[in-house]
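# Summary of the model geometry
These are the residues of each chain, in order.
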Amino acid sequence: MQTKTIDFSNYSSFKIGPKVDVALLDPHAKQETLQEYHLIGACNNVLISNNPPPLMMLSKDFDYIKIENEHLTIGAATPSGKIASFCKKNNIANFEFLSHLPGKLGGLVFMNAGLKEYEIFNHLLSIQTLSRNYTKEELSYGYRYTNISEPILEATFELTQGFDEQKVAMFKKMRANQPATPSAGSCFKNPKGDYAGRLIEAVGLKGFMQGDICFSQEHANFLVNRGKGKFEDALFLIEEAQKRVFEKFGIVLELEIEILDKEYLLEKH
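In what follows, the accompanying structure is described.

Rules and cut-offs
- Residues numbered from 1 in each chain as written.
- Predicted model: local features only at pLDDT ≥ 70, side-chain atom pairs only at ≥ 80, totals over all residues.
- Heavy atoms only, no water.
- Helix = DSSP H or I, 4+ residues; strand = E, 2+ residues; numbered from the N terminus.
- Buried < 20%, exposed > 50% of the residue type's maximum accessible area, 1.4 Å probe, protein only.
- Areas by Shrake-Rupley, 256 points an atom, 1.4 Å probe, with all protein chains shown as cover.
- Lys, Arg positive; Asp, Glu negative; His and termini not counted.
- Charge placed at Lys NZ, Arg CZ, Asp CG, Glu CD.
- Polar contact = N/O pair within 3.5 Å; in protein donor to acceptor, adjacent residues only side chain to side chain.
- Contact = heavy atoms within 4.5 Å.
- Arc of directions from axis to C-beta.
- Pairing = 2+ DSSP bridges.
- Axes fitted to C-alpha atoms, helices over the stretch in contact; angles between N-to-C directions.
- Salt bridge = Lys/Arg side-chain N within 4 Å of Asp/Glu carboxyl O.

## Section: the overall build of the chain
Each helix and strand in the chain was counted, giving seven helices and 19 strands. Burial status across the chain gives 49% buried among its 269 residues. For the chain, the exposed area adds up to about 13500 Å²; of that, 49% sits on carbon and sulfur atoms. Taken together, the 30 basic and 34 acidic charged side chains of the chain have centroids lying 6 Å from each other.

Structure follows, in structure tokens:
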């Protein structure tokens, strides 16, 4: 299997992590060869330690956008910015929010990414995985959740005309309070009827520094790297926020970011 060396201190949006040889998943891969690997995408929502599990990413074979049978079919390695540009150029509606949502399509579908009520599943028809094709109706999904448990290779969407520049401006405004400092995006999912940022601020952790890592002053649910941040400092703040919020409010903060560390994954499973 081909590999690619990735320096995660450059590649990941959090600017944390070692240099690792990552296996490349190509169109001829067999399901049974993948069991030991953890699939990654653009690493915009990932915290990686110096001891990650074996990693794999999709090869460039899965970076494509096609209009077929009046549907839009997109490869899972296609970056969100490329999808937004394609839709603007071809006057296609319902993907405007991707202009302000970093990532690759596979990861966006896997976590049902979105901004407020605008989610990737809203106009999804089906996905193709290594084993088979699944219609949307066969999948379980919700807020930042799906039950997909194998690599997504491509997804097919409804094709509707009418790219809306006003929506692009609205999404830009929605993202305006989010820090430009390196981060892994929203750290926790918003609990039902509340906001993770409000809870983090309420327990005194907004702006709290551990090494070069802190919960942002601009938006408390963003864990930011202010220099040479370390995995251990980020993990400390994540667990401290979960502990304090549970002690004060009885609310379990559920991670939106993914933590890739062998020991952490063993503990959680």
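## Here's the deal with unusual backbone geometry
Positive phi values are uncommon outside glycine, yet Asn-94 reaches one of about 80°. By secondary structure assignment, the location of Asn-94 is in the loop between helix H2 (80-89) and helix H3 (105-110). By relative accessible area, which is 17% here, Asn-94 ends up buried. Although it is not a glycine, Arg-144 adopts a positive phi angle of roughly 50°. On the secondary structure map, Arg-144 appears in the loop between strand E12 (141-142) and strand E13 (145-146). The exposure class of Arg-144 is buried, given its relative accessible area of 10%.

## Concerning the side chain of Asn-45
Note that Asn-45 resides in the loop between strand E3 (38-40) and strand E4 (46-48). Engagement of the side chain of Asn-45 in a polar contact is seen with the backbone oxygen of Ala-184, the distance being 2.4 Å. What Asn-45 contacts, discounting residues up to four positions off in sequence, is Ser-13, Met-111, Ala-184, Gly-185, Ser-186, Glu-256, Ile-257 and Glu-258.

## Quick look at H2
Because each turn of an α-helix spans 3.6 residues, side chains separated by three or four positions end up pointing in the same direction. Every buried residue of H2 is accounted for by Ser-80, Ile-83, Ala-84 and Cys-87. Angularly, the buried residues of H2 cover 100° about the axis, an arc narrow enough to put them on a single face. Buried positions along H2 lie against strand E6 (65-68), strand E7 (71-75) and H3. A positive backbone phi angle near 55° is found at Asn-91, which sits one or two residues after H2.

## Details of the side chain of Glu-119
Within the secondary structure, Glu-119 is located in strand E9 (residues 118-119). The buried category is assigned to Glu-119, whose relative accessible area is 15%. Excluding residues within four positions of it along the chain, Glu-119 makes contact with Phe-97, Asn-112, Ala-113, Gly-114, Gly-142, Tyr-143 and Arg-144.

## Observations concerning the pairing of strand E14 (residues 152-158)
When you tally the buried positions in E14, you get five out of seven residues, the bulk of the element. In this structure, E7 lies alongside E14, joined through five bridges in antiparallel fashion. Bridging across to E14, Ile-74 finds its partner in Ala-155. Sheet topology note: the strand E10 (residues 124-129)/E14 ladder contains five bridges and is antiparallel. Bridge pairing in E14 places Ser-126 opposite Thr-156.

## Quick word on the sheet that holds strand E1 (residues 3-7)
Read from one edge to the other, the open sheet built from four strands follows the order E1-E2-E5-E3, with strand pairing classed as mixed. If you trace the sheet from one side to the other, it starts and ends with E1 and E3, each paired once. Ignoring strand direction, the axes of neighbouring strands in this sheet form an average angle of 45°. As judged from the five bridges shared by E1 and strand E2 (residues 19-25), these two strands associate in the antiparallel manner. Looking at the pairing, Asp-7 lines up with Lys-19 of E2.

## A short note on the environment of Glu-137
If you trace the backbone, Glu-137 turns up in the loop between strand E11 (133-135) and E12. Each C-alpha atom, one on Glu-137 and one on Ser-126, is 8.4 Å from the other, the two residues being 11 residues apart in sequence.

## A closer look at the pattern of salt bridges
With the rule as written, the count across this model stands at nine salt bridges. The salt bridge involving Asp-194 is made with Arg-198; its shortest N-O contact spans 2.8 Å. By relative accessible area, which is 15% here, Asp-194 ends up buried.

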